[in-house]
Amino acid sequence: MSTELEKLRNQIDTVDSELVALLAKRAALTEQVGMYKSKVGLPIYVPAREAELIEQRCAQAKALGVPPALVEDLLRRIMRESYHTQNKRYMCCAPEVHKIVVIGGAGALGRIFVDMFTRSGYTVDILEQKDWARADEIFAQANLVLVAVPIQLTEQIVAKLDNLPTDCILADITSTKAVPLKAMLAVHLGPVVGLHPMFGPDVSSMVKQVVVVCHGRGEEKYQWLLQQMRVWGAALQETDAQEHDDAMVFIQVMRHFSSYVFGAHLLTENPPLDQLISLSSPIYRLELAMVGRLFAQDPALYTDIIFNNKDSVAVLTSFRDTFDNALDMLKKGDKAAFIKLFFKIGAWFGDYSKQSLVDSKKLLLKANDDRTISE
């Protein structure tokens, strides 16, 4: 029996070795694809191509008696890695651009844009606080000035930018948009655009990352910038600045504030964290990890996001009222009211609720495979 098992295991080892060799071969091919895309300016991420590839391989898997879901999971992980091998160099969408200046380019998020512009062949200068004495020299012949400073400094910095070249694009990457965009339009007569990268400084590439675009002035002048971000693989979402800020109070403020309060209450109650982790199933570990993740990052960033949205207090006060209402149901033992509201909420989510069940199941399976989550 042991000899037979050993033979089978040896065969599995051989197949696994062949899989690794095939992955290496595929990686070499995707690197060539990346080089070609950088030459002709094609985006790193092409949704239609990815969807077609997955559909074809899943159909093949089904015909061979292999679970399509397994093949899809493998392919998505492999493709995620291949995007990283493709993002060494990018085509420069505007070779006529002489210079890009990133104010705050040494910061966490600013560094990402400095790196991406540099990999695309642009000349990039960084302006930090110590460099303002040389600001006029640094801004001379700049085609793009990108403001990448903390929210509370943005208006103050923008106010200094009243002497940029007329045709220079002025842009920011602040997480609020209405106020910075208004400030930029007031100080600069040239092209203006507001950007909000919906990712943190820990991303390894912009592939599939959302960047919100709020148009200001001279849209035709900064089309090259938008195209450059598409080439990097970013998914651009265009919206009005105020609509953006209205949405962010729910997307960012409520979530971050809820995590902050959750963490604060755990601190107050002081339960044994190791026990909470060990007794939790993957879904609860993931939820706990999302709370814990917040406190491993820059507190000033999240403080600015919460404190600088003009609707934060009103929406969070309303959120507290909703919490109190649900708590009142619990105190009264009113299960019927609780269930009635549960159904109303489900109806509001509609089909997205069912899709969320499917998507979260995939996430949980992956989380359970990750030893750092499951142990």
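Residues numbered from 1 in each chain as written. Predicted model: local features only at pLDDT ≥ 70, side-chain atom pairs only at ≥ 80, totals over all residues. Heavy atoms only, no water.

Engineer: Looking at this model, I keep getting lost on the overall build of the protein. Mind explaining?
Structural biologist: Counting its secondary structure elements, the protein contains 16 helices and 7 strands. Across its three principal directions, the C-alpha atoms of the protein cover 80 × 65 × 35 Å. Burial status across the protein gives 35% buried among its 375 residues. Contacts in the protein between residues at least 24 apart in sequence constitute 69% of all its contacts with a sequence separation of at least 6. Here the protein displays about 23000 Å² of accessible surface, and carbon together with sulfur accounts for 60% of that area. Charged side chains in the protein number 41 positive and 46 negative. The centres of these two groups are separated by 4 Å. (Helix = DSSP H or I, 4+ residues; strand = E, 2+ residues; numbered from the N terminus. Buried < 20%, exposed > 50% of the residue type's maximum accessible area, 1.4 Å probe, protein only. Contact = heavy atoms within 4.5 Å. Areas by Shrake-Rupley, 256 points an atom, 1.4 Å probe, with all protein chains shown as cover. Lys, Arg positive; Asp, Glu negative; His and termini not counted. Charge placed at Lys NZ, Arg CZ, Asp CG, Glu CD.)

Engineer: Would you explain the sheet that holds strand 1 (residues 100-103) in this entry?
Structural biologist: In a beta sheet, neighbouring strands are held together by backbone hydrogen bonds and run either parallel or antiparallel to one another. Pairing within the open sheet is mixed, and its 7 strands lie in the order 2-1-3-4-5-6-7. Both outer strands of the open sheet, strand 2 (124-127) and strand 7 (235-238), are each paired with one neighbouring strand and no more. When the angles between neighbouring strand axes are averaged without regard to direction, this sheet yields 25°. Pairing analysis gives 4 bridges linking strand 3 (residues 144-147) to strand 4 (residues 169-172), with the strands arranged parallel. Bridge pairing links Leu 146 to Ala 171 in strand 4. (Pairing = 2+ DSSP bridges. Axes fitted to C-alpha atoms, helices over the stretch in contact; angles between N-to-C directions.)

Engineer: When you look at the packing of aromatic side chains in this model, what are you seeing that I'm missing?
Structural biologist: To describe a pair of aromatic rings, one takes the distance between the centres and the angle between the planes. Here the structure, examined in full by the defined rule, presents 10 aromatic pairs. Taken together, a centroid distance of 5.1 Å and an interplanar angle of 70° make the contact between Phe 117 and Trp 232 edge-to-face. Placement of Phe 117 in helix 4 (residues 108-119) and of Trp 232 in the loop between helix 8 (223-231) and strand 7 is noted, with a sequence separation of 115 residues between them. By relative accessible area, Trp 232 is classed as buried at 0%. Ring centres of Trp 348 and Phe 349 lie 5.0 Å apart, and the angle between their planes is 85°; on these two criteria the pair is classed as edge-to-face. (Phe/Tyr/Trp six-rings, centres within 6.5 Å; stacked < 30°, edge-to-face > 60°.)

Engineer: Honestly, the pattern of salt bridges in this entry has me stumped. Any pointers?
Structural biologist: As a working rule, side chains carrying opposite charge can pair if their charged atoms are close by. Applying the stated rule across the entire model yields 12 salt bridges. Where Arg 320 meets Asp 321, a salt bridge forms, and the shortest distance between an N and an O atom there is 3.9 Å. In this structure Asp 321 comes out as partly exposed when scored by relative accessible area, which is 43%. Salt bridges linked by common partners bring Glu 50, Glu 72, Arg 76 and Lys 208 together as one network. (Salt bridge = Lys/Arg side-chain N within 4 Å of Asp/Glu carboxyl O.)

Engineer: Where do I start with the nonpolar core in this structure?
Structural biologist: Here is a general trend for soluble globular proteins: nonpolar side chains tend to be buried in one another's company. The biggest cluster of nonpolar side chains holds 45 residues, and the ones touching the most others in it are Phe 117, Tyr 122, Leu 195, Trp 224, Leu 225 and Met 229. If one sorts the elements of this core by residue count, helix 4 sits on top with 6 residues. When sequence neighbours within four positions are dropped, the list of residues in contact with Leu 195 reads Leu 146, Ala 171, Asp 172, Ile 173, Thr 174, Lys 177, Val 211, Val 212, Val 213, Leu 225, Leu 226 and Met 229. Listed in part, the 25 residues of the second largest apolar core include Phe 139, Ile 157, Ala 183 and Val 187. (Core = buried A, V, L, I, M, F, W, Y, C linked by side-chain atoms within 4.5 Å.)

Engineer: How should helix 1 (residues 2-40) be read in this particular structure?
Structural biologist: Since the α-helix advances by 3.6 residues per turn, residues separated by three or four positions end up pointing in the same direction. Taking 1.5 Å per residue as the helical rise, helix 1 with its 39 residues ought to reach 57 Å, and the 57 Å between its terminal C-alpha atoms agrees with that figure. Buried within helix 1 are the following residues: Thr 30, Gly 34, Lys 37 and Ser 38. (Expected span 1.5 Å × (residues − 1).)

Engineer: Honestly, the pairing of strand 2 in this entry has me stumped. Any pointers?
Structural biologist: Successive residues of a regular strand alternate their side chains across the two faces of the sheet. The pairing of strand 1 with strand 2 spans 4 bridges and is parallel. Pairing of Ile 100 across the sheet is with Val 124, part of strand 2. After leaving strand 1, the chain enters helix 4 and then returns to the sheet as strand 2, a path that is right-handed. (Right-handed = clockwise from strand over helix to strand, strands pointing away.)

Engineer: What is the right way to read unusual backbone geometry from this model?
Structural biologist: What is expected of a backbone is that most residues other than glycine have negative phi and most peptide bonds are trans. Look at Gln 141: it is not a glycine, yet its phi comes out positive at around 65°. Mapped onto the fold, Gln 141 is located in the loop between helix 5 (135-139) and strand 3. Look at Asn 270: it is not a glycine, yet its phi comes out positive at around 55°. Tracing the backbone through its elements, the reader meets Asn 270 in the loop between helix 9 (241-269) and helix 10 (273-279).

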